[in-house]
Amino acid sequence: MHRRSAGIAAIKNKNLAQARYKDKGSEIASEQLTQLSKQMEAFRTNLEEFASKHREEIRKNPQFRSQFQQMCAAIGVDPLASSKGFWSKMLGVGDFYYELGVQIIEVCMSTSRRNGGLMSLEDLRKKLLISRGRNKQEISNDDILMAIRKLKTLGNGFTAIPIGKTFLIQSVPGELTMDHTTILQQAEEQAFVSERILREKLGWEDERIWRALDYLVSEGLAWIDDQAPDRQYWFPGLFI
Amino acid sequence: MDRFSWSDGILSAEEQLITQQNGVRIYDGTQKTAFDYGKLVLTSHRVVWKDHKDQKCILTLPLSYVVQIEEEGSTLTKSAKSVLHLSPADPRRPSGPSMSSSFSFIRFSFTEGGQKEFHRTISEAVQRKRWEVRPAQTQAVGSNQKQLRTGISGIEKSIQQKHMDTDRNISQAFEDLSKLMDKAKEMVAISRNISTKLREKQGDITEDETLQFKSYLLSLGIDDPVTRDAFGSSNKYFQELAKQISDVMEQPLKTSGGVMTLSDVYCRLNRARGLELLSPDDLVNACRTMDLLQLPVRLHVFESGVMVLQLRSHSNEATVADTERTVEKSGSLTAEELAKIIGSSVVLSKERLLTAEKLGKLCRDESTEGLRFFPNLLLTKAL
């Protein structure tokens, strides 16, 4: 006896079953969409309420902003993705960060000729505070890093490079390898390094040291100072 | 239950917040009440209960009523409870949920824990009797909480009040934020679910519904493959934006050599807007649709990742030829030097040189002195 059902009837049944299954699947998706619609409406109201109560908090309190960002990241949401998004429209977080982005670009462009497009986070913050003036709200390092994260999308090479306890902000396109950033970390203390210092502290062979230093000089990130007995490589991004 | 009064929950000047706990239910003696789920707040002067659902439903109970405190431990089915034995109700008290009660004790049920902590802190607070230590001034005026304070102590008190207000605001803000995030999390989960169904073609929803769904993802800021493929082209917002940008940027582009980096465009557009600024993502997404829409301005992405807006009429061949000529005239050029000559940015000049090099028109000389480009004699001069 045949175990499998055969014949046209069987095929028809199978198709029918598949079609039914598909319908069930599509029904569920459509239902879910309706459910989502309802929730979105409710959420919009909640967000409006939240905004009317706490808008000031967001404006004035950098820690609150930082907490807010972390929570968004934790649930997989980017509040800054679109200026048309709920978050940026109703909470006003958008304008705050997008404007900060503009100011960061301007500060970096104005200094990149001197420092090759590399500057410390603290330095950037100081310059931003000056250009923003007294009446603007307080900005924290987190705020700056968040704005930079978004600026990356513009393709101009904005990156935050972790260095020790802080960050170096790169504002021009250019590939910095791990070797380069290691040298920058070494240079953080005194704003310069020498071949001898690198040999002692990092234990690299000469070839490796030269290759990395040469790149940094050619990119305008490091300046050579031959007045000391040992040639020194200074990083304007770290001392200006 | 009759010792409770309605309140706005705002702390007075000398009052200090001690602790708070969610998930507390109030029992009138042995009976359940309508006050089923709320936040219990202990201050130096009283106990405040805030309904979880109805923000305006706030009850207050002065600690001066508390005569004795007992505990009921939790069992498998019941939460831990604190029992507060109370002195008789003061007939002059402000109105509350009930005028009389057959019980002279109330119970707080801690459905989400925190009973032990509460017991400890309220016992301390009742002992301290902070509400009895009053500076002479407050006795005078009746219900008006804000007093005229003078001298340094007055200033100190108002600073303290400000800090407490700020603290209270912040903790309230954080709390509201958590609730908001919980709701958002749910929606993220549903969205991902729908998205999976769409991708696996398990659910057929209409074209309109798809657009609606994509707009929800955009509103929430969820990054999802569903939004990325062909999103830009089917989205009205970005297309409208693209037209706007093209209109605004056409003239500036003409006056600055026909090419501008996207960060430059970003700054100009947002400086001009003042309010309702554009996000970087919005800008990029809009620019991506420009080619499709046949606008006079379009996006070009270099290999290095640098993105520029350029006039449609800007031809790459013409630029390369121009760059080649300029380099030849000077013998050799670095990006900085070229930037000065043509009046453009270093980044853009570098891209020009790299593009020309890619097409074989220029050769590079890389050294510690920088990257310098020479005309490619290998190609042009007959050997």
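Before going into details, it helps to say that this report is about the structure given with it.

Broken down by element type, chain B carries 12 helices and 15 strands. Counting only residues that meet the buried cut, chain B has 45% of its 383 residues in that class. Element-wise, carbon and sulfur atoms account for 51% of the exposed surface of chain B, whose accessible area totals about 20800 Å².

All names here are of chain B. On the basis of which strands lie adjacent, the open sheet formed by 3 strands has the order 10-12-11 and antiparallel pairing. Edge positions in the open sheet fall to strand 10 (259–261) and strand 11 (297–301), since each of these has one partner strand only. The sheet shows a mean angle of 30° between the axes of neighbouring strands, taken without regard to direction. Where strand 10 lies against strand 12 (residues 307–311), 3 bridges are found, and the strand directions are antiparallel. Paired with Val259 across the two strands is Gln310, which belongs to strand 12.

Between chain B and chain A, the residue contacts involve 62 residues of the former and 59 residues of the latter. Run the count over chain B and chain A and you get 4 salt bridges. Put simply, Arg271 of chain B and Glu106 of chain A hold a salt bridge, and the shortest N to O gap is 2.7 Å. Joining chain B to chain A, the criterion identifies 17 residue pairs in polar contact (both at pLDDT 80 or more).

The next subject is the packing of aromatic side chains. Under the counting rule described, the total for this entry stands at 13 aromatic pairs over all chains. Aromatic pair Phe50 of chain A and Phe64 of chain A: ring centres 6.4 Å apart, planes at 20°, arrangement stacked. Note that Phe50 of chain A is positioned in helix 1 (residues 7–60) and Phe64 of chain A in helix 2 (residues 62–75), a separation of 14 residues in sequence. On the basis of relative accessibility, which here comes to 3%, the residue Phe50 of chain A falls in the buried class. Judged by centre distance (5.3 Å) and plane angle (45°), the rings of Tyr237 of chain B and Phe238 of chain B are tilted.

All names here are of chain B. Taken together, the 3 strands give an open sheet; going across it, the order is 13-15-14, and neighbouring strands pair in antiparallel fashion. Only two strands of the sheet have a single neighbouring strand rather than two, namely strand 13 (333–334) and strand 14 (362–367). The pairing of strand 14 with strand 15 (residues 370–375) spans 6 bridges and is antiparallel. Residue pairing across strands places Asp365 opposite Arg372, the latter belonging to strand 15. Lying on the sheet, helix 11 (residues 346–358) is in contact with strand 13, strand 14 and strand 15; it crosses strand 14 at an angle near 120°.

One turn of the α-helix equals 3.6 residues, which is why residues spaced by three or four share an orientation. Residue and element names in this part refer to chain B. An ideal rise of 1.5 Å per residue puts 18 Å on 13 residues; helix 11 measures up with 18 Å between its terminal C-alpha atoms. Along helix 11, the positions that sit buried rather than exposed are Val347, Leu348, Ser349, Glu351, Leu353 and Ala356. Remark: Gly360 follows helix 11 within two positions and exhibits a positive phi of approximately 85°.

Here the focus is unusual backbone geometry. For Ala191 of chain A, which is not glycine, the phi dihedral falls at a positive 75°. Assignment of secondary structure puts Ala191 of chain A in the loop between helix 7 (178–187) and strand 4 (192–194). For Ala191 of chain A, a relative accessible area of 5% translates into the label buried. Non-glycine residue Glu276 of chain B carries a positive phi angle of around 55°. Among the secondary structure elements, Glu276 of chain B is positioned in the loop between helix 7 (262–273) and helix 8 (280–288).

What follows deals with the pairing of strand 6 (residues 58–62) of chain B. Residues and elements named next belong to chain B. The element strand 6 is largely enclosed, with a buried count of 4 among its 5 residues. One ladder, built from 2 bridges, connects strand 1 (residues 5–6) with strand 6; its direction is antiparallel. Residue pairing across strands places Trp6 opposite Leu59, the latter belonging to strand 6. Pairing analysis gives 5 bridges linking strand 5 (residues 46–51) to strand 6, with the strands arranged antiparallel. Across the sheet, Arg46 pairs through a bridge with Pro62, a residue of strand 6. Here strand 5 folds back onto strand 6, and the loop between the two strands holds 6 residues.

Let us now look at the pattern of salt bridges. Scanning the entire structure with this criterion turns up 38 salt bridges over all chains. Residue Glu337 of chain B is joined to Arg372 of chain B by a salt bridge in which the shortest nitrogen-to-oxygen separation is 3.0 Å. Within this pair, whereas Glu337 of chain B is found in helix 10 (residues 335–342), its partner Arg372 of chain B is found in strand 15, the two being separated by 35 residues in sequence. Since its relative accessible area comes to 30%, Glu337 of chain B is described here as partly exposed. The exposure class assigned to Arg372 of chain B is partly exposed, which follows from its relative accessible area of 26%. The structure contains a network of salt bridges with shared partners spanning Asp78, Arg149 and Lys150 of chain A together with Asp281 of chain B.

The next subject is the packing of helix 5 (residues 121–132) of chain A against helix 6 (residues 141–151) of chain A. Residue and element names in this part refer to chain A. Contact pair helix 5 / helix 6: the axes reach a minimum separation of 10 Å and the direction vectors enclose 95°. As judged from the angle between their axes, helix 5 and helix 6 are roughly perpendicular. Here helix 5 contributes Leu121, Glu122, Leu124, Arg125 and Leu128 to the contact with helix 6, which in turn contributes Asn141, Ile144, Leu145 and Ile148.

So, how was this worked out
- Residues numbered from 1 in each chain as written.
- Chains lettered and ligands numbered in written order.
- Predicted model: local features only at pLDDT ≥ 70, side-chain atom pairs only at ≥ 80, totals over all residues.
- Heavy atoms only, no water.
- Helix = DSSP H or I, 4+ residues; strand = E, 2+ residues; numbered from the N terminus.
- Buried < 20%, exposed > 50% of the residue type's maximum accessible area, 1.4 Å probe, protein only.
- Areas by Shrake-Rupley, 256 points an atom, 1.4 Å probe, with all protein chains shown as cover.
- Pairing = 2+ DSSP bridges.
- Axes fitted to C-alpha atoms, helices over the stretch in contact; angles between N-to-C directions.
- Contact = heavy atoms within 4.5 Å.
- Salt bridge = Lys/Arg side-chain N within 4 Å of Asp/Glu carboxyl O.
- Polar contact = N/O pair within 3.5 Å; in protein donor to acceptor, adjacent residues only side chain to side chain.
- Phe/Tyr/Trp six-rings, centres within 6.5 Å; stacked < 30°, edge-to-face > 60°.
- Expected span 1.5 Å × (residues − 1).
- Parallel < 35°, antiparallel > 145°, perpendicular 65-115°, else oblique.

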